[in-house]
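Here's the letter readout for the chains.
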Amino acid sequence: MTATTRAARAWRRGAATLAVGALAAVGMTACSSSSSGSASSGSTASSSDIAAALQKKSTITVWAWAPQDKDIVAAFEKKYPNVTVNLVNAGTSTTQYTKLQNAIKAGSGVPDVAQIEYYALPQFAVSGSVQSLDGYGFDSLKSDYASAVGDAITVNGSLDALPQDTGPMALFYNEKIFKQYGLTVPTTWDQYVADAVKLHAANSSEYITSDTGDPGFATSMTWQAGGKPFTVNGATSVTINTADAGTQKWATEWDQMEEKGLLAQTAGWSSQWFTQLGNGQIATLVTGAWMPDNLETSAAAGNGDWRVAPMPTYTAGTAASAENGGSSYAVMKGSSNALVAAGFVQFLATQPGEQILANEGGFPALTSILNSSSFLDQDPAYFGGQKINEVLSSAAASVLGGWSYMPFQVYANSIFPDTVGKAYSNKTDIYAAMQAWYKASAAYGTQQGFTVTTK
Amino acid sequence: MAVTEQAPSAARRSARPARGSRKAWNPNKRRKSPMLTAVMTLGLIYSLLPLFWLIVNASKTQSNLFSTNGLWFGGHFALFENIKQTLTYSNGEFLHWFGNTLIYVVVGAGGATFLSTVGGYGLAKFDFPGKRGVLAVVLGAVAIPGTVLVVPTFLMFSKMGITNTYWSVIIPSLINPFGLYLMWIFARDAIPKELLEAARVDGAKEWRIFFSISLKLLRPGMITVLLFAVVATWNNYFLPLIMINKPSLYPLTVGLYQWNALSQTAGGTPIFNLVLTGSVLMIVPIMVVFLVMQRYWQSGLAAGSVKQ
């Protein structure tokens, strides 16, 4: 549920979490280098087997941090009174991944189900730590989600998880500030940069957005620019294209703002960040569709000022978006109750579960909810009564396909500050730094026993 | 403060040659240096500012946190409401975590102090083969940061099946090589050999000598070790983070971090005000412990610094 951006930003904040990031890497060592096969070698079961298992007395443990899960679990237990779900918040994002890696390495204490963000799923899937859901009768479910979501939960051709929330990106902007400074709502990135220049020139304490160098954001922006820098071929082979055209396209565009100091250097999710979002000193946010709820609760001072528009693109008139953040739920390998675990994941990723999520402020993956009138007609006062879900739902449909993350993305994100983060603080070329980041990640992948081909 | 000191100290500077005379040095009449005062004032501000910030912000509501000046009180003074909310939030899990922290501290730090005292005393006052080897191991262990051992310990405990229990945090907390070393050195200097010999001549058994005589002499050292251990265990974050995956066993550190993470979760309600208030409540006991034990602490620190 925590978006990629948040995870990455959050972890840069504290030394303790830094240590966790490093540990995730330690934990990974064993998993990836000893990975013998893909996750697809799983048992098979039909939906009737799952239905039968759900009627028997059983207990499963679920590691998740999404706040809506309490109610989803309650609804699940009500429907299947013989199943007890032991819902554990073992930590958010990277904290939980560290624990998961440790438990996998120790060979005990692994939960039956774990919440895993899309960017981290390949890491657990390729190392064979999650149970493939092929043969559970879930294949038909894929068509219930946007194709990009289907891509995200499929690693090496094997269905490895089911989605909960997603984060198709959109442009959140402060209409009051836009009016005050005579800015046009940008539809292309060139217009966005022009707005950035105009706004900061008019008032030096105003910034178009904040960005201190964030791996989740950078990868999503590369994705939206049509980039495909990472290709996973099988369980142990990765190709990293350091000269990826999409990476260059985004980096060159963003560079115009970064090198001129047009990006507020406020750490994301800090109290200052929320203050600036509330008072309009940060005028836009390009981020995932899960953001509205966070704006309403944490930047309450901006009530009524914010609006949502489609993400700007490189070519006017063509809609394009990317996923930023969002989580899937995987059945962990070794679960003694894989059928019940699969049943729970299905409940969560389809109707009742997804509706509960949507009702409690989450942005669901299920297309039928995204297109339902009750969802589209919501007009929150915080956004001046705008029907924001119309914009966000169409963003979900325009996410570009064909993207994949590295199977060691969690670690790669942890070393992002060493290269790209540094470029941000020195106001130097982002593209060169991104290439350096890809190379450093490739070197790590090789150390972990992957065959990394760099182009 | 630095400014007001400026004038008198300038006057004193002219009197400098006088100091060269063979006047007895009186520490209470030390010359005041404006430079030193300024540096110390900066140091004072540096160490007190975070505390000040914490207390100021614990008095604000969640919405006022972002709309008022972070370094001064602003809006509605909500400290007491925050405290009430902190103690009752999510079925009072704060108090539960507080209790857990107490268990870890009392058993872990208390046990560590006891073991260090007994061990240090034994090493200081008894001769046995392999003592030099023990010294090498202890000194080596002091050099290894505890954090490094957490994951290997986790894997070991996992095999033993004791992760996710109180013991998984308490057992590593009991091991305190620095405390042992400190007690060893302290016991060596604080207990005269003659005293022990006299007691033995009178027919006292070793345990009785230890509990009735040595322990009293060791008290300043013990308090020092206890304070170190209490602070380390009270603030321990990484060990319980790795060992425990059950919120009901979390200590305050891990629990508060989890509350903080709510703000970074889509659909999660941020409770920064409660995180801040919880942090204030969490440091109060440590401050009390320090104030109460201050005098022992000071004599403990100075122990062995002067040859009697």
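Fair warning: this is a prediction, and the values are worked out from it, not measured in the lab. (Residues numbered from 1 in each chain as written. Chains lettered and ligands numbered in written order. Predicted model: local features only at pLDDT ≥ 70, side-chain atom pairs only at ≥ 80, totals over all residues.)

This part takes up the interface of chain B and chain A. Opposite the 29 residues of chain B that make contact, chain A presents 40 residues. Put simply, the parts of the chain that give the side of chain B that touches chain A at least two residues each are helix 4 (62-67), helix 7 (146-160), helix 13 (238-243) and helix 14 (252-261) of chain B. Take the side of chain B that touches chain A: its biggest share by element is 5 residues, from helix 7 of chain B. For the side of chain B that touches chain A, a count of residues per class yields 13 nonpolar, 15 polar and 1 charged. (Contact = placed C-beta atoms within 7 Å. Helix = DSSP H or I, 4+ residues; strand = E, 2+ residues; numbered from the N terminus. Nonpolar A, V, L, I, M, F, W, Y, C, P; charged D, E, K, R; others polar.)

All names here are of chain A. In space, the 3 strands of this open sheet follow the order 8-9-14, with mixed pairing throughout. Every other strand in the sheet has two partners, leaving strand 8 (230-233) and strand 14 (451-454) as the edge strands with one partner each. Ignoring strand direction, the axes of neighbouring strands in this sheet form an average angle of 20°. Where helix 21 (residues 430-447) meets the sheet, its contacts fall on strand 9 (237-240) and strand 14, and the angle it forms with strand 14 comes to roughly 155°. (Pairing = 2+ DSSP bridges. Axes fitted to C-alpha atoms, helices over the stretch in contact; angles between N-to-C directions.)

Under the domain assignment used here, chain A contains domain 1 (4-167 + 326-392) and domain 2 (169-322 + 403-454). Taking the mean C-alpha position of each, domain 1 of chain A and domain 2 of chain A sit 25 Å from one another. (Domains from an automatic or database assignment.)

We now examine the nonpolar core. Ranked by size, the top nonpolar core spans 149 residues in total, and within it A:Val113, A:Leu121, A:Ala170, A:Ala330, A:Val331, A:Phe344 and A:Val345 carry the most contacts. Broken down by element, this core gets its largest block of residues, 10 residues, from helix 14 (residues 338-349) of chain A. Here this core gathers at least three residues from each of two domains, domain 1 (4-167 + 326-392) and domain 2 (169-322 + 403-454) of chain A. The residues touching A:Val113, leaving out its near neighbours within four places in the chain, are A:Ile60, A:Val62, A:Tyr329, A:Val331, A:Met332, A:Ala341, A:Phe344 and A:Val345. In terms of nonpolar packing, the next biggest core, distinct from the first, is built from 49 residues, B:Val169, B:Tyr250, B:Leu274 and B:Val275 among them. (Core = buried A, V, L, I, M, F, W, Y, C linked by C-beta atoms within 7 Å. Buried ≥ 20, exposed ≤ 12 C-beta atoms within 10 Å, placed from the backbone.)

Moving on, we get to the environment of A:Tyr382. All names here are of chain A. With respect to the helices and strands, Tyr382 occurs in the loop between helix 17 (373-376) and helix 18 (388-397). Overall, the presence of 19 C-beta atoms within 10 Å leaves Tyr382 in the partly exposed class. Between the C-alpha atoms of Tyr382 and Asn303, which are 79 residues apart in sequence, the distance is 4.5 Å.

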